[in-house]
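# Results of the structural survey
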Amino acid sequence: MPLNPLPTDGAPPEVRVAIEGPVATITLDRPHKRNALSLRLIGELRAAFEALPDSVKAVVLNGAGEHFSAGLDLSELGPLSPAEGMLHSMVWYEAFERIQFGTRPVVCVMHGAVVGGGLELASVAHVRVAEDNAYFGLPEGQRGIFLGGGGSVRISKLIGVSRVSEMMLTGHVYSAQEGFQIGLAHHLVPAGEGLRKGQELAARMASNAPMSNFAILRALPLIAEQPMAHGLMTEALMATVTQSEPEAKERLQAFLDKRAGKVLPS
Ligand code: 1HE
């Protein structure tokens, strides 16, 4: 089993990229396998993020077909030796870290099955939109395996270790509505409206000051891991850098001059 995830056989791509203004839509495009995450797909996903032009300021991640993703491609684990199994996870980790700790906020639009590695991938995104036909499961226990795409860390941070354990132990599947209530999604929309909502949110994030987005993506998660005194110091330093940007000064002045929008309920 080659662990080099980049395609070499000339087969059609499994990830599609469409760019419109400052927003790129990156689509898992392996619907005949329910967007099961093969090493190849993971490699293409990473490459797609890395190849985005500077003009792209935010990303929407979604899946083609009836489901966001059926998780790990189960046909790939069997032939792996223990050492290759470790490397397999590392390939996922590196790709996901590029997405989570890049410079561009990512909205994940979830529909249909969002299971196993599919939920691990969704948990990498900064904002999650669920269509009301989405459902969330961690069938690793049933398959005789374990989380291997960072879900132990990321999904546990979203919904708590207790819920993750229970999902894996019992096969409990959460509906879109339940997932929204427990924090797997920030927005719940009718089926078919996820992409529009995701692109609207991405456009809004793309219009933020780049240094604010940088601080949110790179400093905020770090601060959450730090002891309080360290966190407050990191926050103060990051705040100083952010507000020193000329763009921050212009935006603050625009509000004082009544040229900027107010904060109103949506
Ligand atoms: C797959 C996969 C897959 C579908 N790996 N090939 N994930 C799971 O345990 C979920 C397994 N999948 C399912 O439960 C179902 O496929 C779905 C509910 C997602 C969709 O059902 P359905 O009826 O629409 O499709 P299907 O007929 O089951 O699947 C269509 C094809 O996709 C079929 O292949 P075909 O060649 O017979 O047409 C399936 O074999 C194939 N397929 N899902 C490989 N996951 C880093 S660690 C993460 C650990 C995990 O992710 S564990 C969870 C794994």
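It should be emphasised that the depicted structure is a prediction, and the values quoted were computed from it without experimental measurement. (Residues numbered from 1 in each chain as written. Predicted model: local features only at pLDDT ≥ 70, side-chain atom pairs only at ≥ 80, totals over all residues. Heavy atoms only, no water.)

## Concerning the packing of helix 10 (residues 228-244) against helix 11 (residues 246-256)
Helices that pack against each other are described as a pair by the angle of their axes relative to one another and the distance between those axes. Heads up, the condition is: Only the stretch in contact is used when a helix axis is fitted, and all axes are lines through C-alpha atoms; the angle between N-to-C directions ranges over 0 to 180 degrees. Secondary structure is summarised from DSSP: a helix means a run of H or I of at least four residues, a strand means a run of E of at least two, and numbering begins at the N terminus for each. Every angle not falling under 35 degrees, over 145, or within 65 to 115 is termed oblique; those three ranges are roughly parallel, roughly antiparallel and roughly perpendicular. By the convention used here, residues are in contact when the closest approach between their heavy atoms is within 4.5 Å. Amino acids outside the nonpolar list (Ala, Val, Leu, Ile, Met, Phe, Trp, Tyr, Cys, Pro) and the charged list (Asp, Glu, Lys, Arg) are all regarded as polar, and Gly is one of them.
Contact geometry for helix 10 and helix 11: axes closest at 5 Å, N-to-C directions at 75°. In this view, helix 10 runs roughly perpendicular relative to helix 11, as classed from their interaxial angle. On the side of helix 10, the interface is formed by Thr-242, Gln-243 and Ser-244, while helix 11 contributes Pro-246, Ala-248 and Lys-249. A breakdown of the residues in the contact of helix 10 with helix 11 according to their chemical character gives two nonpolar, three polar and one charged.

## Considerations on the site of the ligand
The condition is simple: A cutoff of 4 Å decides nearness: a residue is near a molecule or strand if any of its heavy atoms lies inside that distance of it. Polar contact is the term for a pair of N or O atoms within 3.5 Å; when the atoms are in protein, one must be able to donate a hydrogen and the other to accept it, and sequence-neighboring residues count only if both atoms are side-chain atoms. Surface exposure here means Shrake-Rupley accessible area, sampled with a 1.4 Å probe, where a residue is shielded only by the protein chains that are shown.
Taken together, 23 residues form the shell around the ligand, and within it Lys-33, Arg-34, Ala-70, Gly-117 and Arg-143 come nearest. For the ligand, an oxygen atom lies 3.4 Å from a polar atom in the side chain of His-67. Alone, the ligand offers 1000 Å² of accessible surface; in the complex the protein occludes 65% of this. Looking at the shell around the ligand, the elements that each hand over two or more residues are helix 3 (117-122) and helix 4 (140-143). Per-class residue counts for the shell around the ligand are 10 nonpolar, seven polar and six charged.

## Notes on the pattern of salt bridges
Test applied: Here, a salt bridge means any Lys or Arg side-chain nitrogen found within 4 Å of an Asp or Glu carboxyl oxygen. Only protein chains enter the calculation, and the probe is 1.4 Å; a residue is then buried if its accessible area is under 20% of its type maximum, exposed if over 50%, and partly exposed in between.
Evaluated as defined, the whole model comprises 15 salt bridges. Arg-16 is paired through a salt bridge with Asp-29; the nearest N and O atoms lie 3.0 Å apart. In this pair, Arg-16 is assigned in strand 1 (residues 15-20) and Asp-29 in the loop between strand 2 (23-28) and helix 1 (39-50), connecting sequence segments 13 residues apart. Under the relative-accessibility criterion, Arg-16 is labelled partly exposed at 42%. Overall, the relative accessible area of 23% leaves Asp-29 in the partly exposed class. Its salt-bridge partner being Glu-200, residue Arg-196 comes within 3.3 Å of it at the nearest N-O pair.

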